Amino acid sequence: MRFTATLLLSLALLSSGVVAEDAAQPPKVKHNYQSDVARLRKIVINSLYSHQEIFLRELISNANDALEKLRLVSLTNKAAWDGSDPLNITIKAVKNEDGKGGRLIVADTGIGMSPEELTTNLGTLAKSGTSDFLAKAEGGEATATGNLIGAFGLGFYSSFLVADRVEVASIPPKSEKNPNPVQHVFSSSADDSTFDVYPDPRGNTIGRGTEITLYLKPDAEEYLEPATLSALVHKHSAYSSTFPIYLFERWEEEVPEETPEEASAPTDSQDEPPVEPKESLGADSDDDEALVEDVTRDEETKVEPPPQKMVNVTREQWSRLNSQQPLWARDQKNITEDEYNSFYTSFFKDFGKPLAWQHFSGDAGSGTAFKALLFFPTKLPEDYWQKPLEYKSKDVKLMVKRVFITSDLGDQALPQWASWVKVVIDAEDLPLNVSRETLQSNRFMKQLRALILKRMIQLFAKISEGDDKAKFDKMQETYGSVIKLGAVEDSKNREKLASLARFSTNHRNETTFDQYLERMKKGQKQIFYLAEIGKKPADLAQSVFIEKLHARGYEVLLLTEPLDEILLGHLREWKNVPFQDAAKAGLKFGDEDLDPEEEKERMKQLEEDFKPLVDYLKKEIGDTVRDVVLSQRLVKSPCAIVADAHGYTANVQKMMTASQAKGNRGGILHDYMLKAKVLEINPYSPLIEGLLRRVKDLPTEDEERDIDSEEELQEVTSILIDGALVRSGFDVPDSNKVDRVLRRSLGVSETADPHVEIKPAPPIASKDDEPFDQGGSAAVVEDEDDGKPRVILPDHLKDKISLEMEEIDEDGNVVMHDEL
């Protein structure tokens, strides 16, 4: 690292005012800006850049270009730079002695500029020295352009965002045309319509390169703080330059004061105190006695050392800000896992290790080459599920030639399901606006969005197909619901994401749709599923809806997450095999055509035998269900309420009810779907057989009616239906029926009320009745003698507060009293 003595000396001279005023000053050459350039420059300064902090990024980019130009020129001209001194960028903040304001110095040891170049490049708006350099390089023999960033020539003018006045001292390297270059200064103020270019009265203080001094505005004094400058460099330019960027830091530190003896002691190390020689013992002396004498002597002569005086000293150092190289630009074969983890932690400020990553490069299809790193964090941000509508992606870092451009992708932002991913993408070239803050074209952004999603799906698939079971389990725990959300939201990638989703079944803990299809029974034409939010799969497997499916060995997807049934509703089928909700009417196993004729005849006979019960239930059930049929799905349960083909299942109805509670009211169709239910009865259940016998025993119209028997049957039927609603997951409209039956079976009156004494609440309290706490406070206490409540006021409030109290008699009436 080269920090020239002349540079530091010149700064000291300027700050102390040592430069003699009567020294021979070379004549200043005053230049006028081009026509209307002064006014246009104000527009550029005040309107082009949306963030004040951009100035440092622009100056560092210009410095990088100057260094890169020197390196390229030296390939054919060793006199420009022979490699003996390092190439770097330095940043130094100098505060004024009065503590108000100061200046910021950004310097480089690059190509430098002659007075003509200072006039042309800095005095002409939008004149890009980098563009001219590239044009000459392309027209000549040079082919390697390096990492040259500047293209518009406007970066320098961002200095006036924070500075009232800017001075640029620069000197080019020696060349055949200019064997003895002279350091010149470009000077201009934000409001001036002119600028000055003149030989630097300090002489050659730089050696080679450019030094930009910004005299900061009062509202820009924050940029005198090293912490602020360091944060800006890390945000925008930590990877923009392959050359070192150094920041000058100065701080106060408390250290022990050195005595003159300590300061002048001829020791090899001033950090270590001198070691005193040990006393030797005589050859004839006893070891034990000598040991006792030695300890006693130490105890007698032991003196507490006086407390050491502490003094404040000023420490200074140059700290490198871009020591970490851009990992995405390296060959991934040479990068270790620890390096990926370290980069992820430092770049994205996430102290947990990433779950997985993908390092890739390519062409976006529009001629834009790029390199990228994509990371899956181990856990999702808390706001991702808690505030899904407010959560936005913050960790897609778009760079151009390693200069940070934006994290806001605008209309092409990642969809909600993918907004948590952490990506850094470095493009070789993009159609940026002149301030390099926004993109002029959205084409690349559309390609970028699709590219990131594609890589995310590939990484999910890689983890799913890998042998690392722990990583796969962690992925399912963290991203299982995210994958399902993606399949719902992203129609373009729906099938790819749905193939990665995992579901529990009544046979195994997890399966994919493809794996389910491989295990389908002969003749099975549907994928069976059953959904109920919040239930455990083991409990859902005991549902009445899948009793026969489970008994016959059919596999049923058990959907327990809110997104599961929504996903199946969007898919409708998987590889031409439709989904069948086991909680809906019309359940078919797929092998009905294989049943023997006697089985079909037996079903017809059952329908005929149970017709009296079916008719009776239709009459008694009212509008609770649409129809009553014999069930093909029940084994042990006597009956169940299933949704019609176009009705709401209990699970969907719960979600719809929650939606209505938030203000979403349904219409006529919604009401119809709520009532579209079917009561299925199990003809093999003893309870149903007993109910059939009771119905058949009912008297005909010609016979005498037994009112008590009919009412009892109606009550049994009502309880049976309520039980079916409960088992099927629906709400029961009247829960008092069971209570009445229990009362009657225990011989308790059905109309008897509980014997509970209700104590009325006290009357409405007025403000004057409120008790006060200590310090303006009163307290209601109970007198130890008579037990009556009293109000005790502090002495300082007795003359300031009046209280009114009401007494209530045994009947709850207010007893009137005179004013206290």
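Here is what the cut-offs are and how they apply
Residues numbered from 1 in each chain as written. Predicted model: local features only at pLDDT ≥ 70, side-chain atom pairs only at ≥ 80, totals over all residues. Heavy atoms only, no water. Patch = residues over 30% accessible without salt bridge, like charges linked within 9 Å, V, L, I, M, F, W, Y side chains within 5 Å. Areas by Shrake-Rupley, 256 points an atom, 1.4 Å probe, with all protein chains shown as cover. Salt bridge = Lys/Arg side-chain N within 4 Å of Asp/Glu carboxyl O. Lys, Arg positive; Asp, Glu negative; His and termini not counted. Charge placed at Lys NZ, Arg CZ, Asp CG, Glu CD. Helix = DSSP H or I, 4+ residues; strand = E, 2+ residues; numbered from the N terminus. Core = buried A, V, L, I, M, F, W, Y, C linked by side-chain atoms within 4.5 Å. Buried < 20%, exposed > 50% of the residue type's maximum accessible area, 1.4 Å probe, protein only. Contact = heavy atoms within 4.5 Å. Polar contact = N/O pair within 3.5 Å; in protein donor to acceptor, adjacent residues only side chain to side chain. Pairing = 2+ DSSP bridges. Axes fitted to C-alpha atoms, helices over the stretch in contact; angles between N-to-C directions. Parallel < 35°, antiparallel > 145°, perpendicular 65-115°, else oblique. Left-handed = near helix turned anticlockwise from the far one by under 90°. pLDDT = per-residue confidence, 0-100.

(A) Focus on a negative patch on the surface. Side chains of Asp164, Asp191, Asp192, Asp219, Glu221 and Glu222 sit close together on the surface and give a patch of like negative charge. Mapped onto the secondary structure, Asp191 falls in the loop between β5 (184-189) and β6 (194-199).

(B) Main features of the nonpolar core. By size, the foremost hydrophobic cluster in this structure holds 83 residues, and its most contacted members are Phe376, Trp417, Trp420, Ile452 and Met456. No other element matches the 12 residues that helix α11 (residues 443-465) contributes to this core. Setting aside its immediate chain neighbours within four residues, Trp417 contacts Tyr384, Leu453, Met456, Ile457, Phe460, Val482, Leu485, Gly486, Glu489, Asp490 and Leu497. In terms of nonpolar packing, the next biggest core, distinct from the first, is built from 47 residues, Leu118, Phe186, Ala190 and Tyr223 among them.

(C) Structural detail: the side chain of Arg502. Within the secondary structure, Arg502 sits in the loop between α13 (494-498) and β15 (504-505). A polar atom in the side chain of Arg502 sits 2.9 Å from the backbone oxygen of Leu500. If we ignore the near neighbours within four places in the chain, the residues touching Arg502 are Ser464, Phe472, Gln476, Lys484, Glu510, Thr511 and Thr512.

(D) Representation of the sheet that holds strand β21 (residues 639-643) within the structure. Across the sheet, three strands lie side by side as β20-β22-β21; this open sheet has mixed pairing. The sheet is open, and its two borders are formed by β20 (627-630) and β21, each paired with just one other strand. On average, each strand axis in the sheet is tilted by 30° relative to the strand beside it, whichever way the strands run. The sheet contact formed by β20 and strand β22 (residues 677-681) spans four bridges and is parallel. The residue bridging Val629 from the neighbouring strand is Glu680, located in β22. Its contacts with the sheet put helix α19 (residues 611-621) on β20 and β22, and the angle it makes with β22 is roughly 145°.

(E) A look at the pattern of salt bridges. Taken as a whole and judged by the stated rule, the model has 24 salt bridges. Here Arg633 ties to Glu680 by a salt bridge, and the two come within 2.9 Å at their closest N and O atoms. Taken together, the residues Arg633 in the loop between β20 and β21 and Glu680 in strand β22 connect sequence positions 47 residues apart. For the pair Arg633 and Glu680, a shared accessibility class is recorded, and that class is buried. A cluster of three or more residues bridged by salt bridges with shared partners is formed by Asp200, Arg202 and Glu211.

(F) Fine view of the pairing of strand β2 (residues 89-95). Summarising burial for β2: six of the seven residues are buried, a large majority. Note that β2 and strand β3 (residues 102-108) share seven bridges and pair antiparallel. Counted as the bridge partner of Lys95 is Gly102 from β3. Between β2 and β3, which pair antiparallel in sequence order, lie six residues; one of them, Gly99, sits at a positive phi of approximately 85°. The sheet contact formed by β2 and strand β8 (residues 245-256) spans three bridges and is parallel. Bridge pairing in β8 links Thr90 to Tyr246.

(G) The packing of helix α12 (residues 469-489) against helix α17 (residues 562-571), seen in detail. Two elements in contact, α12 and α17, have axes separated by 9 Å at closest approach and are oriented at 30°. As summarised for this structure, α12 and α17 are arranged roughly parallel, according to the angle between their axes. Relative to α17, the crossing made by α12 is left-handed. Contact with α12, carried on its side by Ser481, Lys484, Leu485, Ala487 and Val488, involves Leu563, Asp564, Ile566, Leu567 and His570 of α17 and no other residues of that element.

(H) Just the sheet that holds strand β17 (residues 557-559), in detail. Read across the sheet, five strands follow the order β15-β17-β16-β19-β18 without closing on themselves; strand pairing throughout is mixed. Whereas interior strands pair on both sides, the edge strands pair on one side only; in this sheet they are β15 and β18 (573-574). As defined by bridge partners, strand β16 (residues 527-531) adjoins strand β19 (residues 577-581) across three bridges and the pair is classed as parallel. Looking at the pairing, Phe528 lines up with Gln580 of β19.

(I) Spotlight on the packing of α11 against α12. Relative to each other, α11 and α12 sit at 140°, their axes nearing to 10 Å. Classified by the angle between their axes, α11 and α12 sit oblique to one another. In the packing of α11 onto α12, the handedness of the crossing is left-handed. Mapping the contact onto sequence places Phe460, Ile463 and Ser464 in α11 and Lys471, Phe472, Met475, Tyr479 and Ile483 in α12.

(J) A look at the environment of Arg315. One can find Arg315 in strand β9 (residues 310-320). Between the C-alpha atom of Arg315 and that of Arg250, which follows or precedes it by 65 residues, the distance is 5.6 Å. Sequence-distant contacts of Arg315, defined by excluding residues within four places in its chain, comprise Glu249, Arg250, Trp251, Glu253 and Val255.

(K) Region of the structure containing the environment of Lys677. Relative to the helices and strands, Lys677 is located in strand β22. Between the alpha carbons of Lys677 and Ala585 there is a distance of 8.2 Å; along the sequence they are 92 residues apart. Excluding its chain neighbours within four sequence positions, the residues that come into contact with Lys677 are Thr624, Val625, Arg626, Asp627, Ile641, Val642, Ala643, Asp644, Gln653 and Phe730.

(L) Representation of the confidence of the model for the protein in the model. When pLDDT is averaged along the protein, the result is 79; 75% of the residues meet or exceed 70. Every residue in residues 1-23 scores below 50 in pLDDT, and together they form 31 contacts with partners more than four places removed in sequence or on other chains. Low pLDDT (under 50) marks residues 774-783, which in the prediction has 27 contacts with non-local residues, meaning those over four places away or in another chain.

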